[in-house]
Amino acid sequence: MDFNLTEEQNMLRDTLGRFLGDRYSHKSRQKLIASGEAYDQEIFSGLAGLGVLGALFDADHGGFGGAGFDLSVVFEELGRAGVIEPFLPAVLAGGLIAEAGRTNVVDEIIAGTHVAALAHGEPGSRYDLSHVESSAVLDGAEIILTGRKTHVLNGAQAQTLVVSARESGEVRDEEGISLFLVFAGGEGVTVVNHVNVDGTSGATVTLESVRVSVSARLGAAGAAFSSLETAVARCLTALCAEALGAMEAAKALTIEYLKDRKQFGIPIGKFQALQHRMADMLIEIEQARSAVINLAGNLDQPRAIRERHVSATKNLIGRVGAMVAEECTQMHGGIGMTHEYALSHFSRRLTMIDHMFGDVDYHLERFIALRVR
Amino acid sequence: MDLNFTADEQAFRVEVRGWLNHTLPYDLSERVRLGKRLGKFDIELWHSLLNERGWLAPNWPRQYGGCDWNAAQRHIYEEEACLAHAPRTLPFGLNMLAPVLMAFGSELQRQKFLPRILTGQDWWCQGYSEPGAGSDLAALKTRAVREGDDYVVNGQKTWTTLGQYANWIFCLVRTNLDVKKQEGISFLLMDMNAPGVTVRPIVLLDGQAEVNEVFFDNVRVPVENLVGEVDKGWTYAKYLLTHERTNIAGTGFSNAALETLKHVADQVHSGGKPLSQNLLFAARVAQVEIDLMAMATTNLRMVSAAAQGQAPGPESSMLKVKGTVIRQELTSLLRRAMGPDAMPFQLDCLQGGDNAEAMGPDHAAAAAPNYFNMRKLSIFGGSNEVQRTIITKNILGF
Ligand SMILES: Cc1cc2nc3c(=O)[nH]c(=O)nc-3n(C[C@H](O)[C@H](O)[C@H](O)COP(=O)(O)OP(=O)(O)OC[C@H]3O[C@@H](n4cnc5c(N)ncnc54)[C@H](O)[C@@H]3O)c2cc1C
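All residue numbers here refer to positions counted from 1 along the written sequence of the relevant chain. Think of it this way: whatever chain is written first is A, whatever ligand is written first is 1, and the rest follow in order. Where totals are concerned, whole chains, interfaces and linings use all residues; where local detail is concerned, this predicted model gives features only for residues with pLDDT of at least 70, and gives and counts side-chain atom pairs only at 80 or more. By convention in this description, side-chain values take in all heavy atoms of the structure and omit both hydrogens and water.

Considering the site of the ligand
And then number 1: Around the ligand, 27 residues are found, and the nearest of them are A:Gln330, B:Ser135, B:Thr161, B:Ser383 and B:Glu385.
And then number 2: If a single non-hydrogen atom of a residue is within 4 Å of a molecule or strand, that residue counts as near it. Chains contributing residues near the ligand are chains A and B.
And then number 3: Contact between the ligand and A:Gln263: an oxygen atom at 3.5 Å from a side-chain N or O atom of the residue.
And then number 4: In the analysis that follows, any N or O atom pair within 3.5 Å is treated as a polar contact, provided that within protein one partner can donate a hydrogen and the other can accept it, and provided that, for residues neighboring in sequence, both atoms belong to side chains. The contact in question runs from a nitrogen atom of the ligand to an N or O atom on the side chain of B:Thr161, over 2.6 Å.
And then number 5: Accessible surface area values rest on a Shrake-Rupley calculation with a 1.4 Å probe, where residue burial reflects the displayed protein chains alone. Surface burial for the ligand is 94%, taken as the share of its 960 Å² of free accessible area covered by protein chains.
And then number 6: Going along the chain from the N terminus, every DSSP run of H or I of four or more residues is numbered as a helix, and every run of E of two or more is numbered as a strand. Residue contributions to the shell around the ligand peak at 3 residues, all from helix H9 (residues 303–332) of chain A.

Right, dumping it as structure tokens:
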């Protein structure tokens, strides 16, 4: 057993933390969101320059990391600073593109000069990964894509979309799903941007008889489900680590506030009613940290083991995230509800993370279904 | 014991329902049903419709234009209005200031201000909290110094709900620095349009600005706007708080929210079937429904005790804690029910814009913002921690 990070991971965490500490604040993020920009290209490039994107890919794909703990180290820091720049799409779509061996695109993603987004969710899919209604029809050397994709993370900022579509089978079958590289500006592709509650950006993508060459298909026809599941497992490792970072940030703000804020002549942190709740929160955040470690450490295990950890961790993170967001808001009083105060970002983000790739209930049910008999 | 309403009460329910059916504008109730924000005009319209019927002030005595309803009638009205998705009425003038004026105000103040609350000529807001005085309200610092026939007021109020629409604010101000902090507070009525008053909006978690900071810079207030006696404001404030706490359980709101939630859970699909058939989700809904059923009776027990002359005491603290926990849970479940569709921030839609094409189901635009907005329930009106302290002191006797 060794719970220490490698020297490289420690160094990356420290430089990342320092860079974000200097350059990223609640104010700057709010200004950015108010300006209508989805992210700050300078910050994104700066972070790419520090190797943040390279850390998400292994050496075979031009990176220098790619393991579960690389993802968790990076994303905990991103979460602690409340970064909205498009790093999750690099894990999701970038991971799928890398797995398919399209190294030229991956190089650009790692350099921070190319954003690729996964266009997978659909109006009726909720959290079901196998729910794909969009169709892919072979037409000679081309494939015709038709369908509607929702909640495409950074879809409108992406040059390339990784689109899932069905080549065979029924709407919720795992078999029959393929992935395609689609040029976001291509004919028949409409991308409509929206801002999310937590300041991140999503898009609705409509594909109207979009023609792509057969070579745009990633992997074998109809066999993409397991790649998708793996990519989502990696994405959830990142997302849960991000949530952990956000919890740590919310906790730090709350501790500081309880020491500063005086009512009835004493700091409110002197009230035992609040002290015990902070103590409970600390216990739960340690649980969250362990859950992230469990997932990161089992990411390369066989599917049966890996996916149990995916659902266990996402469920626990969802529960603790809600507790941290609600308790920190409550213990701040009115200030905790204000947009201007940094806590607002973390409580929104923690709440919204539960709406991504399966909520508490979804993963509880899935965990039960995946139980080892 | 008899859990049934009397024949008279049932007839009253039918009357209320019929009137709501007939009078409540559809587009207004639709916006309330979908959790969208209402503007000044919407609220004023609803006030005027209620006032025409004579139902705007359920707990005022007849002599002032109220309906003098008993506790059961008020409860029935509240339930029906919520189920019909009527907008809520503004509590500041009707339920907070008016009882204070009736009990402690001058005849002049009563004659001047009470009718204008009913006609909608005045929009009142509550100026209690300050940056340094929240739970510890008596620590307030806004100063009022007597100069001839005026008080000159300097200081700041905060969290002033809908102060952006108000033309009057009732304030607690410090008039005496030489006594115990509770004994140097006075209750002042202030014109928001007077020189020296500045209002600055505060945007909250839901992206909306329903609260404000209000600054006073040498604002002159005629002494006739002092309520009751100087330095006795704390007594009036406490009296006001007991009135603020009527209907504190909010069971009407919860009933309506539960109905909405069940409806949504039938419409939204998860894993190929309605969410209402998902056992985990159904269990969450059932749990809160069971709590609400008991809560409704707890509320009625306490309401009828109050009707028999016992003033709402520390029991109302229990209603506040449990009632707000239930309401918050309901907003949380509606947000969960939306799945990924809770994520987009759809401002136009939230504010009731017609031309905004909504993403996701009907309730998607408001689900997350309302969940965040309702965090306030356990913070204001005496935070839930403060309520628990009241329970331990006044009921448990610790
Ligand atoms: C949306 C909103 C609308 C509002 N509208 C109005 C309005 O119209 N007019 C108005 O005057 N005010 C209004 N308020 C203010 C509200 O009454 C205060 O927020 C409330 O009194 C709490 O004060 P605070 O925010 O300063 O928190 P604080 O008093 O600083 O409390 C911070 C935390 O400490 C806890 N705490 C404090 N004291 C104790 C104790 N002794 N023991 C244990 N825990 C304690 C609190 O429960 C809370 O969790 C509004 C507030 C909100 C959020």
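A word on the domain arrangement of chain A
Residues and elements named next belong to chain A.
And then number 1: Domains are outlined according to an automatic or database domain assignment. Partitioning chain A into structural domains gives domain 1 (7–114), domain 2 (118–222) and domain 3 (226–372).
And then number 2: Taking the mean C-alpha position of each, domain 1 and domain 2 sit 24 Å from one another.
And then number 3: Contact between two residues is taken to exist if any of their heavy atoms lie within 4.5 Å; hydrogens are not considered. Opposite the 15 residues of domain 1 that make contact, domain 2 presents 18 residues.
And then number 4: Buried surface at the junction of domain 1 and domain 2, summed over both partners, amounts to about 1,300 Å²; 70% is from carbon and sulfur atoms.
And then number 5: Counting the surface domain 1 buries against domain 2, the share from its top three residues, Leu96, Arg102 and His114, is 32%.
And then number 6: Put simply, a salt bridge is a Lys or Arg side-chain nitrogen that is within 4 Å of an Asp or Glu carboxyl oxygen. Where domain 1 packs against domain 2, one counts 0 salt bridges.
And then number 7: At the junction of domain 1 with domain 2, the criterion picks out 3 residue pairs in polar contact (both at pLDDT 80 or more).
And then number 8: Counting residues per element, the side of domain 1 that touches domain 2 draws most heavily on helix H5 (residues 88–99), which supplies 6 residues.
And then number 9: Residue composition of the side of domain 1 that touches domain 2, grouped by class: 12 nonpolar, 2 polar and 1 charged. Joining two parts hides part of their accessible area as seen by a 1.4 Å probe, and the buried area is that hidden amount summed over both. In this classification, Asp, Glu, Lys and Arg are treated as charged, Ala, Val, Leu, Ile, Met, Phe, Trp, Tyr, Cys and Pro as nonpolar, and every other residue, Gly included, as polar.

Quick notes on the environment of B:Leu24
Residues and elements named next belong to chain B.
And then number 1: Along the chain, Leu24 turns up in the loop between helix H1 (7–23) and helix H2 (26–33).
And then number 2: Distance from Leu24 to Pro87, taken between C-alpha atoms, is 9.2 Å for residues 63 residues apart in sequence.
And then number 3: With residues up to four places along the chain from it excluded, the contact list for Leu24 reads Trp19, Ser29, Trp46, Ala84, His85, Ala86 and Pro87.

Remarks on helix H11 (residues 360–369) of chain A
And then number 1: Residue exposure (1.4 Å probe, protein chains only): buried if accessible area is under 20% of the type maximum, exposed if over 50%, otherwise partly exposed. The set of residues buried in H11(A) consists of A:Val360, A:Asp361, A:Tyr362, A:His363 and A:Arg366.
And then number 2: Two to three positions downstream of the cap, the backbone nitrogen of A:Asp361 sits 3.2 Å from a side-chain oxygen, assigning the N-cap of H11(A) to A:Asp359.

Topic: a nonpolar patch on the surface
Residue and element names in this part refer to chain B.
And then number 1: On the surface, Met318, Ile395, Leu396 and Phe398 cluster together into a nonpolar patch covering about 430 Å² of accessible area.
And then number 2: By secondary structure assignment, the location of Met318 is in helix H10 (residues 315–337).
And then number 3: Under the relative-accessibility criterion, Met318 is labelled partly exposed at 35%. Each patch groups residues whose relative accessible area exceeds 30% and which form no salt bridge, using 9 Å between like charges and 5 Å between nonpolar side chains of Val, Leu, Ile, Met, Phe, Trp and Tyr.

What to know about the pairing of strand S5 (residues 177–183) of chain A
Residues and elements named next belong to chain A.
And then number 1: Most of S5 is tucked away, with 6 of its 7 residues classed as buried.
And then number 2: The sheet contact formed by strand S4 (residues 160–166) and S5 spans 7 bridges and is antiparallel. In the strand pairing of S5, Arg166 is matched with Ile177.
And then number 3: Summarising the sheet, S5 and strand S8 (residues 217–218) pair through 2 bridges and their orientation is antiparallel. Paired with Phe180 across the two strands is Arg217, which belongs to S8. DSSP bridges decide pairing: two strands pair if at least two such bridges lie between them.

Some details on the interface of chain A and chain B
And then number 1: If you look at the interface, chain A gives 40 residues, while chain B gives 48 residues.
And then number 2: Where chain A abuts chain B, roughly 3,700 Å² becomes buried across the two surfaces, and 56% of that area is made up of carbon and sulfur atoms.
And then number 3: Three residues, A:Arg126, A:Met337 and A:His355, lead the burial of chain A against chain B; their summed loss comes to 21% of the area buried on that side.
And then number 4: Counting every contact that joins chain A to chain B gives 5 salt bridges.
And then number 5: Salt-bridge contacts for B:Arg200 lead to A:Glu340; the nearest nitrogen and oxygen are separated by 4.0 Å.
And then number 6: In this structure, the connection of chain A to chain B is made through 26 residue pairs in polar contact (both at pLDDT 80 or more).
And then number 7: For the side of chain A that touches chain B, the elements supplying multiple residues, two or more each, are strand S6 (189–195), helix H8 (272–297), H9, helix H10 (343–353) and H11 of chain A.
And then number 8: Among the elements that make up the side of chain A that touches chain B, the one with the highest residue count is H10(A) (5 residues).

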